[in-house]
Amino acid sequence: DGGITQSPKYLFRKEGQNVTLSCEQNLNHDAMYWYRQDPGQGLRLIYYSQIVNDFQKGDIAEGYSVSREKKESFPLTVTSAQKNPTAFYLCATSVGYASGANVLTFGAGSRLTVL
Amino acid sequence: AQSVSQHNHHVILSEAASLELGCNYSYGGTVNLFWYVQYPGQHLQLLLKYFSGDPLVKGIKGFEAEFIKSKFSFNLRKPSVQWSDTAEYFCAVNPIFQKLVFGTGTRLLVSP
């Protein structure tokens, strides 16, 4: 059953702690993305990766870090430097990274609440 | 920077009513256009897309959208909504050689 697995689904953390959200895909897609979804703000791009061992900052990368050591995996770390980390985080993939023609497949999301 | 505007944040309709959700963008060059939908408890998924050709595109579940280049718009339509269309709808615009930009979303509630 092909798809994107995000874990954990819900995560609670104290302020000042780093947290890592997992994203694993078995779609054999080259490109992977992390978005943040906040009510009334749509989806905002945090980081994306076109290929293994390469990634680029999106529009709101400050306070986040990623790695892409394997094609299947693109974990996101929310660091203590992120001022407002409570949000719903979505991982997505696309077959490749064509300029403008990327159809995204999304995971179920991870909801992070910082107490 | 380019932006994508979805003017209706919340829409409430009765079943069988017609639906039109607005989407306008500010980028003047060539763009690819998308509508994504997030049903309650489900993954965000592609509803339809426009890359080129016929500006009236059809998607899943009876939805369609019309690209009007002169108005920088890509409005989503459905002639008769069902209760199962209750969801959040996102317009997204991808200017060529630039990143995809999402609108803020429209929450649609269809009452039976």
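All of the points below concern the structure found in this document. In this text the structure is predicted, and so the values were computed from the model without any measurement. All chains use their own residue numbering, which begins from 1 and follows the written sequence. Here the convention is simple: chains get letters from A, ligands get numbers from 1, in the order in which they are written. Residues qualify for local features only when their pLDDT is at least 70, as the model is predicted, and side-chain atom pairs are given and counted only at 80 or more; totals for whole chains, interfaces and linings, by contrast, use all residues. The side-chain numbers reported here are obtained from all heavy atoms of the structure, hydrogens and water having been left aside.

## Re the overall build of chain B
Here is step 1 of the chain: Assigned secondary structure in chain B consists of zero helices and 12 strands.
Here is step 2 of the chain: Along chain B, helices (α) and strands (β) appear in the sequence β-β-β-β-β-β-β-β-β-β-β-β when read from the amino end.
Here is step 3 of the chain: Two things to know: the radius of gyration comes from C-alpha atoms, and the globule rule equals 2.2 Å times the number of residues to the power 0.38. Its C-alpha radius of gyration of 13 Å places chain B within 12% of the 13 Å reference for a compact globule of 112 residues.
Here is step 4 of the chain: Expressed along its principal axes, the backbone C-alpha trace of chain B runs to roughly 40 × 25 × 20 Å. Here a helix means four or more residues in a row that DSSP labels H or I, a strand means two or more in a row labelled E, and each is numbered from the N terminus.

## Focus on the interface of chain B and chain A
Here is step 1 of the chain: Counting residues at the interface gives 20 residues for chain B, matched by 22 residues for chain A.
Here is step 2 of the chain: Accessible-area loss on putting two parts together, using a 1.4 Å probe and summing over both, is the definition of buried area adopted here. Buried area between chain B and chain A, summed over both chains or domains, comes out near 1600 Å², and the portion from carbon and sulfur atoms is 59%.
Here is step 3 of the chain: By the criterion of area lost to chain A, the three top residues of chain B are His43(B), Lys99(B) and Phe102(B), representing 32% of everything that side buries.
Here is step 4 of the chain: Salt bridges, as used here, are contacts in which a Lys or Arg side-chain nitrogen is within 4 Å of a carboxyl oxygen on Asp or Glu. Linking chain B to chain A there are zero salt bridges.
Here is step 5 of the chain: Think of a polar contact as two N or O atoms within 3.5 Å of one another; within protein, one of them needs to be a possible hydrogen donor and the other a possible acceptor, and neighboring residues in sequence only count if both atoms come from side chains. Linking chain B with chain A are three residue pairs in polar contact (both at pLDDT 80 or more), by the criterion used here. Any two residues whose heavy atoms approach within 4.5 Å are treated as being in contact.

## Observations concerning the state of the cysteines
All names here are of chain B.
Here is step 1 of the chain: Whenever a pair of cysteine sulfur atoms sits within 2.5 Å, that pair is classed as a disulfide. Counting across every chain of the model gives two disulfides over all chains.
Here is step 2 of the chain: Here cysteine 23 connects covalently by a disulfide to cysteine 91, the sulfurs 1.9 Å from one another. Handedness here is read from the sign of the S-S torsion; for cysteine 23 and cysteine 91, about -65°, the answer is left-handed. Taken together, the residues span a long stretch of sequence, with cysteine 23 in the loop between strand S3 (19–21) and strand S4 (24–25) and cysteine 91 in strand S10 (residues 87–95) at a distance of 68 residues. As far as burial versus exposure is concerned, cysteine 23 and cysteine 91 are alike and both buried. For each residue, the accessible area found with a 1.4 Å probe, counting protein chains only, is set against the maximum for its type, and the residue is called buried under 20%, exposed over 50%, and partly exposed in between.

## Some thoughts on the nonpolar core
Here is step 1 of the chain: One finds Leu33(B), Trp35(B), Leu48(B), Phe74(B), Leu76(B) and Tyr89(B) to be the most contacted residues of the largest nonpolar core, which totals 29 residues.
Here is step 2 of the chain: At the level of elements, strand S2 (10–14), S3, strand S5 (31–38), strand S6 (44–50), strand S8 (64–68), strand S9 (73–78), S10 and strand S12 (106–111) of chain B are the ones that each hand at least two residues to this core.
Here is step 3 of the chain: The residues touching Tyr89(B), leaving out its near neighbours within four places in the chain, are Gln6(B), Leu21(B), Trp35(B), Tyr36(B), Val37(B), Tyr39(B), Leu47(B), Phe63(B), Leu76(B), Gly105(B), Thr106(B) and Leu108(B).
Here is step 4 of the chain: Put simply, a nonpolar core is a bunch of buried Ala, Val, Leu, Ile, Met, Phe, Trp, Tyr and Cys residues held in one set by side-chain atoms that sit within 4.5 Å of each other. Ranked by size, the runner-up nonpolar core spans 19 residues in total, among them Val19(A), Trp34(A), Ile46(A) and Val78(A).

## Details of the sheet that holds strand S1 (residues 4–7) of chain A
Residue and element names in this part refer to chain A.
Here is step 1 of the chain: A pair of strands is treated as paired once DSSP finds two or more bridges between them. Taken in spatial order, the four strands line up as S1-S3-S8-S7 in an open sheet, and their pairing is antiparallel. Each end of this open sheet is capped by a strand with a single partner; those strands are S1 and strand S7 (64–66). Sheet twist, expressed as the mean angle between neighbouring strand axes with direction ignored, is 20°.
Here is step 2 of the chain: With three bridges joining them, S7 and strand S8 (residues 76–78) adopt antiparallel strand pairing. Interaxial angles span 0 to 180 degrees and are taken between N-to-C directions of axes, which are lines fitted to C-alpha atoms, for helices over the stretch in contact.

## Quick word on the environment of Gln6(B)
All names here are of chain B.
Here is step 1 of the chain: Mapped onto the secondary structure, glutamine 6 falls in the loop between strand S1 (4–5) and S2.
Here is step 2 of the chain: Sequence spacing of glutamine 6 and tyrosine 25 is 19 residues, and the spatial spacing of their C-alpha atoms is 8.9 Å.
Here is step 3 of the chain: At 3.0 Å, the side chain of glutamine 6 forms a polar contact with the backbone nitrogen of cysteine 91.
Here is step 4 of the chain: A distance of 3.0 Å separates a polar side-chain atom of glutamine 6 from the backbone nitrogen of glycine 105.

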